[in-house]
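# What the coordinates show
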Amino acid sequence: MAEEFTEDELTLPPCKYEYLDHTADVQLHAWGDSLKEAFQQCGIAMFGYMTELDSVEIKQSSEIEAIGHDLESLLFHFLDELLFLFSCEPFLICSKVTITEFVTEGEEMRIKCKCYGEEFRIGKHPQGTEVKAITYSAMQIVNIPEKNTFELFVIIDI
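Below, the structure is looked at part by part. (Residues numbered from 1 in each chain as written. Predicted model: local features only at pLDDT ≥ 70, side-chain atom pairs only at ≥ 80, totals over all residues. Heavy atoms only, no water.)

On to the environment of Glu52. Among the structural elements, Glu52 can be located in the loop between helix H2 (35-50) and strand E3 (60-68). Residue classification places Glu52 among the partly exposed residues on the basis of a relative accessible area of 48%. Sequence-wise, Glu52 and Ser95 are 43 residues apart; in three dimensions their C-alpha atoms are separated by 9.2 Å. (Helix = DSSP H or I, 4+ residues; strand = E, 2+ residues; numbered from the N terminus. Buried < 20%, exposed > 50% of the residue type's maximum accessible area, 1.4 Å probe, protein only.)

Right under this line is the structure:
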């Protein structure tokens, strides 16, 4: 039976990310009006590097959880869980991620996230670049209060 989605679940957020060149790798630069939005954008940026997201329909969803002891480890584990989702059958490629729980204080920071997309299929989805791993190298989480913006910088191993 096909999964059904609300109109809100089918609506994609605006693009708030870009790719920056880095020696032998690529740096994701994502931003948002909140830290939560910046995390979501960073997740979508990673999927966007793997394929053209406008070719991805929302046909199924999956939920992930990530835990970290600080914001950097939380971001690392969040992206790593998203990469794992893509790396295992049914090879889910997501065009939308919605963080449903975002705990960024205390000794155990936590994210719960619902991921929307479909199974990656060569022929339907243009093959981008394979993401091998997430790295801590030069990872930055920047709060810019005067702009009311958070920016994330993450190098992914390709």
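On we go.
Most peptide bonds take the trans form, and the phi angle of most residues other than glycine is negative. At the junction of Glu89 and Pro90, the peptide bond is cis and its omega measures out at 10 degrees in the coordinates. Mapping Pro90 onto the fold places it in the loop between helix H3 (71-87) and strand E4 (92-103). Of note, Phe91 is a non-glycine position whose phi angle comes to about 55 degrees, a positive value. Assignment of secondary structure puts Phe91 in the loop between H3 and E4. A relative accessible area of 34% places Phe91 in the partly exposed class. Of note, the phi angle at Asn148 is positive, near 55 degrees, even though the residue is not glycine. Along the chain, the position of Asn148 falls in the loop between strand E7 (140-144) and strand E8 (149-157).

Okay, the pattern of salt bridges next. Applying the stated rule across the entire model yields 9 salt bridges. Arg110 is paired through a salt bridge with Glu101; the nearest N and O atoms lie 2.6 Å apart. Judged by its relative accessible area of 24%, Arg110 is partly exposed. A salt bridge links Lys112 to Glu101; the shortest N-O distance between them is 3.7 Å. Taken together, the residues span a long stretch of sequence, with Lys112 in strand E5 (residues 109-119) and Glu101 in strand E4 at a distance of 11 residues. Its relative accessible area of 22% is what places Glu101 among the partly exposed residues. Several salt bridges share partner residues, and in doing so they unite Glu57, Lys59, Glu118 and Lys124 into one network. (Salt bridge = Lys/Arg side-chain N within 4 Å of Asp/Glu carboxyl O.)

Next up on the list: the nonpolar core. With 42 residues, the main nonpolar core has Phe39, Phe47, Phe78 and Leu82 as its most contacted residues. When residues of this core are traced back to their parent elements, those giving at least two are strand E2 (25-32), H2, E3, H3, E4, E5 and E8. Once residues within four sequence positions are removed from consideration, Phe39 is found in contact with Leu71, Leu74, Leu75, Phe78, Ile99, Phe102, Ile111 and Leu152. (Core = buried A, V, L, I, M, F, W, Y, C linked by side-chain atoms within 4.5 Å. Contact = heavy atoms within 4.5 Å.)

The 3 strands lie next to each other as E3-E5-E4, forming an open sheet whose pairing is antiparallel. Every interior strand has two partners, whereas the edge strands, E3 and E4, have only one. The average angle at which neighbouring strand axes cross in this sheet is 25 degrees, direction not considered. Bridging between E3 and E5 involves 9 bridges; their strand directions are antiparallel. Across the sheet, the residue bridging to Gly68 is Met109, located in E5. Contacts from H2 reach E4 and E5, with the element oriented near 160 degrees to E4. Strands E3, E4 and E5 of the sheet are contacted by H3, whose axis makes an angle of about 150 degrees with E3. (Pairing = 2+ DSSP bridges. Axes fitted to C-alpha atoms, helices over the stretch in contact; angles between N-to-C directions.)

For the rest of this paragraph, the subject is the packing of aromatic side chains. Under the definition given, this model contains 7 aromatic pairs. Seen in terms of ring centroids, Tyr17 and Tyr19 are 5.8 Å apart; in terms of plane orientation they differ by 65 degrees. Their pairing is edge-to-face. Where Tyr19 meets Tyr49, the ring centres are 4.9 Å apart and the plane angle is 55 degrees; that geometry is what we call tilted. Here Tyr19 is found in strand E1 (residues 17-22), whereas its partner Tyr49 is found in helix H2, with 30 residues between them in sequence. (Phe/Tyr/Trp six-rings, centres within 6.5 Å; stacked < 30°, edge-to-face > 60°.)

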